[in-house]
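Spelled out, the chains give:
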Amino acid sequence: MALANALRRGISTESPQTRLALRASITLAACVIALLIPQFLGDYAMSVAVTVVTYAILGLGLNVVVGYAGLLDLGYAAFFAIGAYTSALLELHFSLSFWEALPIAIVAAAVAGCIIGYPTLRLRSDYLAIVTLGFGEIVRITVTNLNVTGGPNGLYGIPPAGVFGHSIVSTNGLYYLGLFFMVLAIAFTGLLSRSRLGRAWRSLREDETASEAVGVPAIKVKLMAYVMGAIVGAIAGMLFAARFGTIDPTSFTYNTSVMILIVVIVGGMGSIPGMLLGAIIVIALPELLRSVSNYRMLFFALALVALMLVRPEGLLPPRRTRRGAYRAQPPPDEAPSSPAPAGRRRPGRGELLLQVTDVSHRFGGVRAVDGVSFDVHAGEIVSVIGPNGAGKTTVFNCITGLVTPRSGDVRLGGTRSLRGVKPHKVVRLGLARTFQGIRLFDGLDAVENCLVGLIAHQSRMLSLGGLLSRTTREDRARAMYWLDFVGLADRGHLLASELSYGERRRLEIARALMSEPQLLLLDEPAAGTNPTEKRELMSLVKQVRDTGVAVVLIEHDMGLVMELSDRVIVLDQGRIIAAGEPQQVRDDPRVIDAYLGREEDDDPDAGKSVEEVLGWRS
Amino acid sequence: MTAFLQYLVNGLTVGSFLALIALGYTMIYGIIRLINFAHGDVFMVGSFVGYAVVSTVVAQHWPIALIIIVAMLAGMAATGVLGIVIEGVAYQPLLNKPRLAILISALGVSLALEEGARIQFGAGFSSYPGILPTTGFSIGGAHASYAQLGVFVLSLLMMLALYLFVQRTPTGTAMRALAMDRDAARLMGINVERTIMLTFLLGSVLAGAAGVMQGLYYIQINFIMGFAIGLRAFTAAVLGGIGNLPGAMVAGFLIGLIQSFSDGYISSNWSDAVIFGVLIAVLIFKPTGIFGERVVERV
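Now for a description of the structure that goes with this document. (Residues numbered from 1 in each chain as written. Chains lettered and ligands numbered in written order. Predicted model: local features only at pLDDT ≥ 70, side-chain atom pairs only at ≥ 80, totals over all residues.)

## Comments concerning the overall build of chain B
Selection criterion: Only DSSP runs of H or I reaching four residues or more are called helices, and only runs of E reaching two or more are called strands; each is numbered from the N terminus. A radius of gyration in this sense is built from C-alpha atoms; the matching globule rule multiplies 2.2 Å by the number of residues raised to 0.38. Residues with at least 20 other C-beta atoms within 10 Å of their own are called buried, those with 12 or fewer are called exposed, and the rest are partly exposed. The C-beta atoms themselves are positioned from the backbone. Distance between backbone-placed C-beta atoms decides contact: two residues are in contact if it is within 7 Å.
Broken down by element type, chain B carries 11 helices and 4 strands. Relative to the 2.2 N^0.38 estimate, which gives 19 Å for 299 residues, the radius of gyration of chain B is 19 Å and therefore close to what a compact globule would have. Dimensions of chain B, computed from C-alpha atoms along their principal axes, come out at roughly 60 × 45 × 35 Å. Taken across its 299 residues, chain B has 51% of its residues classed as buried. Within chain B, contacts between residues at least 6 apart in sequence are counted, and of these 77% link residues at least 24 apart.

Written out as structure tokens, the structure is:
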């Protein structure tokens, strides 16, 4: 362990080239060892090696669900079972060969992934875990009790896999077959992790609400994690059936799911080499303890606890990728928006962008928003002010789909209603936002945070081509452009959690701008910043407006609001009490009352709408 | 009708055990967000301690009530200590580490307890001496034994005591505060480590009591008895809205009834599938369990 640490420290301080060379040679050595193992080990040891390979494949599959997407799955053995049973039944009853059954078993597992995932993915973390456990048990109980699956005795006489007319029955042959699929699984999951989908998973793992709010279709993306994991698990199941020629329900219990989970956690969630090491430890360690026969599982259990205490993040957690190259990369001269994405039109100045009509919402008995109406036009900065609890953030939430208002309507461009539209679709329609309490993806670097914001445009992400496509040079250039725009050009390689408070505020704005919005909603962008940072942020807001994006912001600093805004809307207790030009609003007695309190309640205009009071509506 | 009543009586008995165990799951989850996989095995250890005591003293011709009390106190004391040791050694150091590490640690503890019991008591069944009377009374044709009544009443009393403790005492208030916000509770001067330890103590003591009663009532016990019942009890905890004590009690009885009716009217082979089916159906419509509160996230 100390050696591994020293090695890792050594790796991280070396230059990228040295690191790459070291990595390549370790990989090469591992390949050579893996290929030559049958020359040195006996038949029994080789059958253990086949099991190790099977669990490595299972670990790689579960790693997609648990490691990449951060969804705890306690019933993963269900997919292992579905692969094994589907292929066995096809081979026994329809005389299909191993290779003919393979695609069908994969489809079956993918469908099962959808069935299990779809109704349950709205659940949060641990509720989801118990449901996956339940599904795993239901699958096992079903195959135990159905006649077609052979009941508790299972199925037997499953033909072995054939390659070029040779049946693979020898342990060494099975080992190489397993190795072949393991390499495929490594390549597949490796591609997934680098793909846009992989980035969407990481963002969900970090902060689900934030990733929906920047355009990630959370449910679909989670479902894809289950489907991808299921496919890999099914392949392991097929190998298992072809290896033994017989399967029964006892191979697919909750304990199997737990063993696979241990592979993932011990190896280091999210790391591919970790899965291989995890499988070796979980399968080979109990074998090595055979000398203490009766105590071996006890020792294994204690070793597991000890291992977690010493290395809670697993043995080979994913290396933090510091891509130092960004530092040198200059931002592109040209505005990245010139090829306007997917039908996004730059609205002409003064064009109606957003129309909020009589929106109301209540939480329990509290009327948080009560009949709020206002318009936003292209090229203007509108500030929403009001005392704490006035309902400002709730108005934002109603507009961006985080909350569906009880009544009233929000229309984009005066036509398209946003009522009931999911947050990620609202972003696609051109409406981006930031949060009052900054919500970044802390475990991702600044560039990646921005790239998540790009997903709003990549709606073809779920097609097969888009799925595995890696980040293009243009994508990165675009991210760098907006990072430069907010003044973070030299911070791209840092994790969001490593940035200063003011930098985090600005990164959140850059991330929102990545979706090329027509309208940007900023919820207290300057909260908690010092006066200098505040001034910088406000000049940034002006710059954003100058690119043609309308800005609506919530802000408490009156001086800044008055200086910056084209129009000001004042909320108090869920109602608009004043609206208009900064000067006009500042002198309004109701505003002064709302902020300073009034002496007696004799407002003659109570009950009248804002429009009536101010005669304002453009 | 007689069959229905019989299933009801049996279901309430099974439910008593499940509710007691589910309380431990829900308390521990509520306070440190851990699915304590070792909890079912703590129950099993309690059962074996009771077995050791009852087998030893049964030759002394003590009154039955005394044997039961001694066995239960011994089982509860042993599991209480065990719970504290597990928490201190395997969980406490991992509280602020990546979330799944503590889960794997719990799985390791679970396996270690099962293997320890297997090595000590063998892989087969051990039998409690049959000291409980099998007599009982009739409810509408269904037979309810005094033992069943005893299990039911005793469980209810323990649950009530726990509920009052958590709701009415300062320590209970500290536990509830801790469940809501650990850092805020610490800032308010609550000794977080000790409160977590106390939670494990209480949960484990209840599991130990359930273990001894289970042995006295069903006679046969073995080293993996905690697994199946633990799984169902955890299901009950989730069904009731995890972290919610009354929810866990009610859902414990509910799962017991579902199991009993499913055993009777369908087949015991399918009972677990029925239980999980109900759980999934409920969670689809009530994503935080029957009594769980809707969590509103502030943004």
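Back to the write-up after that little detour.
## As for the overall build of chain A
Along the backbone of chain A there are 25 helices and 14 strands. Counting every position in chain A, which comprises 618 residues, the buried fraction comes to 48%. For chain A, the share of sequence-separated contacts (at least 6 apart) that also reach a separation of at least 24 residues comes to 75%.

## Remarks on the pairing of strand 6 (residues 366-377) of chain A
Residues and elements named next belong to chain A. Quick note on the threshold: Here the rule is simple: two strands pair whenever DSSP picks up at least two bridges between them.
Relative to strand 6, strand 5 (residues 352-363) is paired through 8 bridges, and the arrangement is antiparallel. Following the sheet pairing, Val-359 is matched in strand 6 by Val-372. If you look at the hairpin formed by strand 5 and strand 6, you'll find 2 residues sitting between the two strands, and Gly-364 has a positive phi there, around 60°.

## Re the interface of chain A and chain B
Cut-off, in case you're wondering: All residues other than Ala, Val, Leu, Ile, Met, Phe, Trp, Tyr, Cys, Pro, Asp, Glu, Lys and Arg, Gly among them, are scored as polar; the first ten of these are nonpolar and the last four charged.
At the junction of the two partners, chain A supplies 35 residues and chain B supplies 36 residues. Those elements that provide at least two residues to the side of chain A that touches chain B are helix 5 (98-120), helix 6 (125-145), helix 11 (254-267) and helix 13 (296-310) of chain A. By residue number, the principal contributor to the side of chain A that touches chain B is helix 6 of chain A, which donates 11 residues. Looking at the side of chain A that touches chain B, its residues break down into 24 nonpolar, 7 polar and 4 charged.

## Some points on the packing of helix 1 (residues 2-32) of chain B against helix 9 (residues 225-239) of chain B
Residue and element names in this part refer to chain B. Going by this rule: To obtain an axis, a line is fitted to C-alpha atoms, over the contacting stretch when the element is a helix, and the angle between two such axes runs from 0 to 180 degrees between their N-to-C directions. Two helices that cross are described as forming a left-handed crossing if the nearer one is turned anticlockwise from the farther one by less than a right angle, and a right-handed crossing if clockwise.
Helix 9 packs onto helix 1 with a crossing angle of 65° between their chain directions and a minimal axis gap of 8 Å. Here helix 1 runs over helix 9; the crossing is right-handed. Where helix 1 approaches helix 9, its residues Phe-17, Leu-18, Ile-21, Ala-22, Tyr-25, Thr-26 and Tyr-29 are matched on the opposing element by Ile-229, Gly-230, Arg-232, Ala-233, Phe-234, Ala-236 and Ala-237. Grouping the constituent residues of the contact of helix 1 with helix 9 by class yields 11 nonpolar, 2 polar and 1 charged.

## Some remarks on the sheet that holds strand 6 of chain A
All names here are of chain A. Overall, antiparallel pairing links the 4 strands, which are arranged 6-5-8-9 in an open sheet. Pairing within the sheet leaves two strands with one partner each, and these edge strands are strand 6 and strand 9 (416-417). Packed onto the sheet, helix 15 (residues 392-400) meets strand 5, strand 6 and strand 8 (407-412) and runs at close to 65° relative to strand 6.

## Focus on the sheet that holds strand 14 (residues 575-580) of chain A
Note: strands within a sheet are paired through backbone hydrogen bonds, in either parallel or antiparallel orientation. All names here are of chain A. One open sheet holds the 6 strands; their spatial order is 10-11-12-7-13-14, and the pairing between them is mixed. Two strands bound the open sheet, and with one partner strand each, they are strand 10 (431-433) and strand 14. Pairwise comparison of adjacent strand axes, ignoring direction, gives a mean angle of 15° for this sheet. Both strand 10 and strand 11 (residues 519-523) contribute to a ladder of 3 bridges, which runs parallel. Its bridge partner being in strand 11, Arg-433 is matched across the sheet by Leu-521. Lying over the sheet, helix 21 (residues 531-546) contacts strand 7 (381-385), strand 11 and strand 12 (550-554), oriented at roughly 150° with respect to strand 12.

## Re the nonpolar core
For clarity, the cut-off: For our purposes the nonpolar core covers buried Ala, Val, Leu, Ile, Met, Phe, Trp, Tyr and Cys residues that link as a set through C-beta atoms within 7 Å.
Among the nonpolar cores identified, the biggest contains 295 residues, and Ile-57, Ala-510 and Val-570 of chain A together with Ile-21, Ala-22 and Leu-23 of chain B are the most heavily contacted of them. Sorting elements by how many residues they give to this core places helix 10 (residues 218-244) of chain A first, with 17 residues. Other than its neighbours up to four places away in sequence, Ala-22 of chain B contacts Ala-233, Ala-236, Ala-237, Ala-248, Ala-251 and Gly-252 of chain B.

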